[in-house]
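Examination of the molecular architecture
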Amino acid sequence: MKQKVAVIGGGIAGLTFARCLSTNQYEVHIFEQKQEFGEVGAAISVFPNALSVMDEIGLLDPILKTSGKFENVYLKTKKGNILSKSSPKSDYPVVCIHRADLHRILLTGINAQLHKGKSVKQLANLDNGQVEVTFENGECSNFDAVIGADGIHSVVRKHIIKDGDPIFRGYNVWRGVVETNFDIGYASETYGEGQRVGIVPIKDGVYGWWATCNEAFLQDDVPEGTKSKLKRLFGDWHQPIPELIENTEKILKNSLSDRVPHKGWTKGNITLIGDAAHPTTPNLGQGGCMAIEGAYHLAQCVNKYGLSAKAYALYEKHQFPRSKEIVNESLTLGKIGQISNPILIALRNLLFKITPSSVAMKMIAKYFSYRVTELKI
């Protein structure tokens, strides 16, 4: 008989894991707390390190057909002055895609049983090695393993690590996706005083953008309203920033939070992947990429060694140091980007100007060139 595996969370990490796990050996059940499987309107980076996984599992072509490639990245001041230009190079392209499109691609044809509107209340490790899962509606089921892919506020993580709430890093982010009548063909990040705006091409003149501001945790945008507030904050910034904000119909807002990297992702036959294991701020664009890498690697370890302590330990041995480095470096980049002191801003901008693009490329290359598909397990 096939062993039953419960994946808690129907996002990118959970779906990737399910697609990579051997369906000859395992019966996969994916539990999503929302009433529908899907993602909301924002862009996500799928960099070469993650595209190598998509290539391995046969999803590279549909992703490339639905995403936007860019060969150049500009750093700018809010008046549009160019601080630096870099041109990432890799054996796979550098792309961005709408989260909903990536989710749809991962979900299409997946060999798993999907359960909507199912929130986990508690977990229990049983003496026989199985895991008892109790849901908020009172239902209870046993599984041979549970994979926690339920994000930064993971219920599964609370059962394993118990490290409290995520850490708010002092700034919030607004995100949107908008159709335009132009196609600049590059990505950019613009720096102000405790504020930033990023722009990424998705496909055929569709752009994703995000904007940050130093303020209280999830500070309300009333009474002026979100769009009016953003126009006040960024209305005098270089084009196309004001235009993108003005023409966006749905704008999302989130806090920028993460967790201190913590070992010990496994308890019995319960383990963590994606943001449940290593949530990060988005300053390196590697959050989704790490989720894809980790989900693939855990699945390969389980495919080879079964639902065993060896499989879980090998997965964490490779994934933890890489994720720790990304979480910490992303946190540092966020602090640099959110500087509000005028003197420090001038020093930061000067540093960007005088740093050779080759130095920036080396930092990017160490992440882009990583190939989890080539790890020896």
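Look up: the structure comes first, before these words.
A short tour of the structure in this document, coming up. Quick caveat, the model's predicted, so the values are computed rather than measured.

Focus: the overall build of the chain
- Along its length, the chain carries 11 helices and 19 strands.
- Over its C-alpha atoms the chain spans a radius of gyration of 21 Å, differing by no more than 12% from the 21 Å that the globule rule assigns to 377 residues.
- Dimensions along the principal axes, computed over C-alpha positions, put the chain at roughly 65 × 45 × 35 Å.
- The burial tally for the chain puts 54% of its 377 residues in the buried class.
- Considering only contacts within the chain whose residues lie at least 6 apart along the sequence, 75% involve residues at least 24 apart.
- For the chain, the computed accessible surface area is about 16600 Å², with 51% contributed by carbon and sulfur atoms.
- If the 44 positive side-chain charges of the chain are averaged to one point and the 38 negative ones to another, these points end up 4 Å apart.

As for a nonpolar patch on the surface
- A cluster of nonpolar side chains, Ile343, Leu344 and Leu347, forms an exposed patch at the surface whose accessible area comes to about 310 Å².
- Locating Leu347 in the fold gives a position in helix H10 (residues 342–354).

Observations concerning the sheet that holds strand S5 (residues 73–77)
- Pairing is mixed across the open sheet formed by seven strands, whose spatial order is S6-S5-S14-S15-S16-S13-S17. Each end of this open sheet is capped by a strand with a single partner; those strands are strand S6 (82–86) and strand S17 (252–258). Adjacent strand axes in the sheet meet at a mean angle of 20 degrees when their direction is disregarded.
- Here strand S13 (residues 167–179) runs beside strand S16 (residues 206–214); their pairing, made up of nine bridges, is antiparallel. Along S16, the bridge assignment pairs Asn172 with Cys213.
- On top of the sheet, helix H9 (residues 309–337) reaches S13, strand S14 (187–191), strand S15 (195–203) and S17; it is set at about 120 degrees to S15, its chief contact.

What to know about H10
- End to end, H10 covers 19 Å across 13 residues, agreeing with the expected 18 Å (1.5 Å per residue, within 8%).
- Listed as buried for H10 are Ile345, Arg348, Asn349 and Phe352. One side of H10 carries all its buried residues, which in axial view fall inside an arc of 95 degrees. Away from its buried face by more than 90 degrees, H10 exposes Ile343, Leu347 and Ile354.
- Where H10 is buried, its residues touch S5, S6, S14 and H9.
- The opening residue of H10, the one whose side-chain oxygen lies 2.9 Å from the backbone nitrogen of Ile343, is Asn341.

Observations regarding the sheet that holds strand S12 (residues 145–148)
- Here we have six strands laid out as an open sheet, ordered S8-S2-S1-S12-S19-S18, and mixed in their pairing. Both outer strands of the open sheet, strand S8 (113–116) and strand S18 (266–267), are each paired with one neighbouring strand and no more.
- With six bridges connecting them, strand S1 (residues 3–8) and strand S2 (residues 26–32) associate as parallel partners. By the bridge assignment for S2, Val5 is matched with Val28.

Structural notes on the side chain of His297
- The residue His297 is located in helix H8 (residues 287–305) in this model.
- Given a relative accessible area of 2%, His297 falls into the buried group.

Focus: helix H11 (residues 357–368)
- A rise of 1.5 Å per residue sets the reference length of H11, with its 12 residues, at 16 Å; its end C-alpha atoms lie 16 Å apart and thus fit the reference within 8%.
- Here H11 has its buried residues at Met361, Tyr367 and Phe368. Viewed along the axis of H11, the buried residues span an arc of 115 degrees, placing them on a single side of the element.
- In the core, the buried residues of H11 are packed alongside helix H2 (48–56), S6 and H9.

Calculation notes
- Sequence order as written defines the numbering, with residues in each chain counted from 1.
- Local features in a predicted model are, by the rule used here, given only for residues with pLDDT of at least 70; side-chain atom pairs are given and counted only at 80 or more, and totals for whole chains, interfaces and linings are based on all residues.
- Think of the side-chain values as coming from all heavy atoms in the structure, minus any hydrogens and water.
- Where helices and strands are cited, they refer to DSSP runs of H or I of at least four residues and of E of at least two residues respectively, numbered from the N terminus.
- The globule rule used for comparison is 2.2 Å times the number of residues to the exponent 0.38, while the radius of gyration itself is calculated over C-alpha atoms.
- Residue burial is assigned from relative accessible area. The probe radius is 1.4 Å, only protein chains are included, and a residue is buried under 20% of its type maximum, exposed over 50%, and partly exposed in between.
- In this description, contact between two residues means that some pair of their heavy atoms is separated by no more than 4.5 Å.
- Note on areas: Shrake-Rupley, 1.4 Å probe, and residue coverage restricted to the protein chains presented here.
- As used throughout, the charge tally considers Lys and Arg to be positive and Asp and Glu to be negative, leaving His and the chain termini uncounted.
- By convention, the point assigned to a charge is CZ for Arg, NZ for Lys, CD for Glu and CG for Asp.
- Nonpolar side chains (Val, Leu, Ile, Met, Phe, Trp, Tyr) are joined into patches within 5 Å and like charges within 9 Å, using only residues with over 30% relative accessible area and no salt bridge.
- One speaks of a salt bridge when a side-chain nitrogen belonging to Lys or Arg is within 4 Å of a carboxyl oxygen belonging to Asp or Glu.
- Two strands qualify as a pair provided DSSP detects at least 2 bridges between them.
- The axes are straight lines fitted to the C-alpha atoms, using for helices just the contacting stretch, and the angles between their N-to-C directions are given from 0 to 180°.
- A helix is expected to reach a length of 1.5 Å times the quantity of its residues less one.
- The arc under discussion is defined with respect to the helix axis, by the directions toward the C-beta atoms.
- By the criterion applied in these results, polar contacts are pairs of N or O atoms within 3.5 Å in which, for protein atoms, one can donate a hydrogen and the other can accept it, and in which residues neighboring in sequence qualify only through two side-chain atoms.

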